[in-house]
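# Overview (structure and organization)
In case you want the letters, here they are:
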Amino acid sequence: MQKQLLFFVLMICFASANAQKNTSACCPPASATTQFALLANDKNFVMQHDAPLPFHYKSANGTDITFKAADGTDAHGWMVKASKPTSYYLFVFQEWWGLNDYIKQETEKLANELGINAIAIDLYDKQIATTPDEARKLVQAVKAERAVNIIKGAYNYAGADAKVFTIGWCFGGGWSLQAALLGGSSVEGCIMYYGMPEKDVNELKKLHGDVIGFFAKKDGGITPAIVEAFKTNMKAAGKNLTAYEYDAVHAFANPSNPDYNKEATADAHAKTIAFIKARIK
């Protein structure tokens with residue numbers, strides 16, 4: 001009887017271990033980009049994004065570009081070339097509204113201030129949202145494979161000798177980090193504003209450049225707890241992260257946001273410029 005009981009217990013333990021193993025294999029943890037998309041189902045998070053104020057930007061030097069994504073299809077971007085030849089590039093990633101005129105304005109501003117090439121990479125394939133509901137749907141419609149192919153295509157467009165920085169806000173903040181992971185040794189640094197961090201330490205180990213992040217203490221989506229976990233994971237990966245947290249709400253750096261925080265934005269911008277300039281040789 002005791003032998004039968006022992007055999008029965010061992011069989012239960014084996015079945016339980018197998019079940020856990022199979023569950024892990026078929027249902028892996030959601031990626032950082034998927035986790036952000038899931039936030040779009042959170043009404044409180046959606047409510048943190050008031051519809052952007054109407055704005056039209058007239059650029060002096062920016063122009064639409066078409067380049068080949070890694071899968072051979074056409075991809076769209078908006079580029080400002082440096083006034084002098086340089087191998088340095090800034091890849092700019094949109095908020096969840098899309099590559100609108102606010103992003104174009106910021107792209108040109110950064111390119112001119114830094115004296116490097118800047119490409120706003122369009123992950124929505126020329127779609128732009130003007131309401132939170134439209135943005136929610138566009139975020140959830142993004143296929144990671146398509147976005148990765150677009151980003152890889154942008155690296156090919158910049159060229160093998162390109163030295164790249166990445167920057168993004170909100171939806172684009174998370175993709176700024178993912179682009180830095182994809183870029184390998186081409187990446188000089190990553191800037192992310194209130195984006196969903198990568199949680200996989202093994203993935204973070206692939207980073208070749210330092211990361212600077214700007215977050216909001218009152219963010220109901222990218223919460224302070226998520227930021228603390230990001231710090232821990234980056235330390236475990238042996239990578240450098242400098243994180244700043246402001247007494248502000250999500251999207252505090254967007255001038256079209258009624259809760260735009262001018263002081264926090266100015267401070268984050270100054271730190272961004274210093275971060276990049278310190279790494280341009």
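As the structure is a prediction and not an experimental result, all values here were calculated from the model.

In this section: the overall build of the chain. Scanning the chain from terminus to terminus reveals 10 helices and 8 strands. Every one of the 281 residues in the chain was classed for burial, and the buried ones make up 48%. Taking contacts inside the chain between residues at least 6 apart in sequence as the whole, the part at least 24 apart equals 72%. When the accessible surface of the chain is split by element, carbon and sulfur atoms take 54% of a total near 13,900 Å².

Let us now look at the sheet that holds strand S1 (residues 63–68). In space, the 8 strands of this open sheet follow the order S1-S2-S4-S3-S5-S6-S7-S8, with mixed pairing throughout. Only two strands of the sheet have a single partner each, and these edge strands are S1 and strand S8 (241–246). If you compare each strand with its neighbour and ignore which way they point, the axes differ by 20° on average. Both strand S3 (residues 88–93) and strand S5 (residues 163–169) contribute to a ladder of 6 bridges, which runs parallel. Paired with Val92 across the strands is Ile167, a residue of S5. Sheet strands touched by helix H4 (residues 101–114): strand S2 (74–80), S3, strand S4 (117–121) and S5. Its angle to S2, the strand with the most contacts, is close to 50°. Across the sheet, helix H6 (residues 144–158) is in contact with S1, S2, S3, S4, S5 and strand S6 (187–193); its angle to S1 comes to roughly 105°.

Glancing now at the packing of H6 against helix H7 (residues 171–183). Contact pair H6 / H7: the axes reach a minimum separation of 10 Å and the direction vectors enclose 60°. The pairing of H6 with H7 is recorded here as oblique in orientation. Where H6 crosses over H7, the two elements pack in a sense that is right-handed. Contacts between H6 and H7 involve Ala144, Ala147, Val148, Ile151, Lys152 and Tyr155 on the former and, on the latter, Trp175, Ala179, Ala180, Leu182 and Gly183. In terms of residue class, the contact of H6 with H7 is built from 9 nonpolar, 1 polar and 1 charged.

It is worth spelling out the nonpolar core at this point. In this structure, Leu90, Phe91 and Trp96 are the most contacted members of the largest nonpolar core, which totals 88 residues. The residues touching Phe91, leaving out its near neighbours within four places in the chain, are Ile119, Ile121, Ala154, Tyr155, Ala158, Val164, Phe165, Thr166 and Ile167.

Take Gly168: it is sitting in strand S5. Among the residues examined, Gly168 registers a relative accessible area of 0% and is labelled buried. Along the backbone, Gly168 and Gln94 are 74 residues apart, and their C-alpha atoms lie at a distance of 6.0 Å.

What follows concerns the environment of Glu245. Take Glu245: it is sitting in strand S8. Excluding residues that lie within four positions of it along the chain, Glu245 makes contacts with Phe215, Lys217, Pro224, Val227, Glu228 and Lys231. A polar atom in the side chain of Glu245 sits 3.0 Å from the side chain of Lys231.

The next subject is the pattern of salt bridges. Summed over the entire model, instances satisfying the criterion amount to 12 salt bridges. Linked by salt bridges that have partners in common, Asp71, Asp125 and Arg146 make up one network.

A word on the layout of surface pockets. Once rolled over the atoms, a probe with the size of a water molecule shows which space is left empty. As a volume, the largest pocket reaches approximately 310 Å³. Lining the largest pocket are 19 residues; nearest its centre among them are Glu106, Trp169, Ala253, Pro255 and Thr265. The biggest single contributor to the lining of the largest pocket is H4, with 6 residues. Here the second largest pocket defines a volume of roughly 220 Å³. Ser31, Ala32, Thr33, Ala144, Val148, Trp175, Gln178, Leu181, Leu182, Glu198, Glu203 and Lys206 together form the lining of the second largest pocket. For the lining of the second largest pocket, the elements supplying multiple residues, two or more each, are helix H2 (32–39), H6 and H7. Tallied by class, residues from the lining of the second largest pocket come to 6 nonpolar, 3 polar and 3 charged.

Cut-offs applied
- Residues numbered from 1 in each chain as written.
- Predicted model: local features only at pLDDT ≥ 70, side-chain atom pairs only at ≥ 80, totals over all residues.
- Heavy atoms only, no water.
- Helix = DSSP H or I, 4+ residues; strand = E, 2+ residues; numbered from the N terminus.
- Buried < 20%, exposed > 50% of the residue type's maximum accessible area, 1.4 Å probe, protein only.
- Contact = heavy atoms within 4.5 Å.
- Areas by Shrake-Rupley, 256 points an atom, 1.4 Å probe, with all protein chains shown as cover.
- Pairing = 2+ DSSP bridges.
- Axes fitted to C-alpha atoms, helices over the stretch in contact; angles between N-to-C directions.
- Parallel < 35°, antiparallel > 145°, perpendicular 65-115°, else oblique.
- Left-handed = near helix turned anticlockwise from the far one by under 90°.
- Nonpolar A, V, L, I, M, F, W, Y, C, P; charged D, E, K, R; others polar.
- Core = buried A, V, L, I, M, F, W, Y, C linked by side-chain atoms within 4.5 Å.
- Polar contact = N/O pair within 3.5 Å; in protein donor to acceptor, adjacent residues only side chain to side chain.
- Salt bridge = Lys/Arg side-chain N within 4 Å of Asp/Glu carboxyl O.
- 1 Å grid on protein atoms, 1.4 Å probe; cavity = no way out; pocket = protein on both sides within 12 Å on 5 of 7 lines; lining within 4 Å.
- Points joined across faces, edges and corners; volume = space filled by probe spheres on them.

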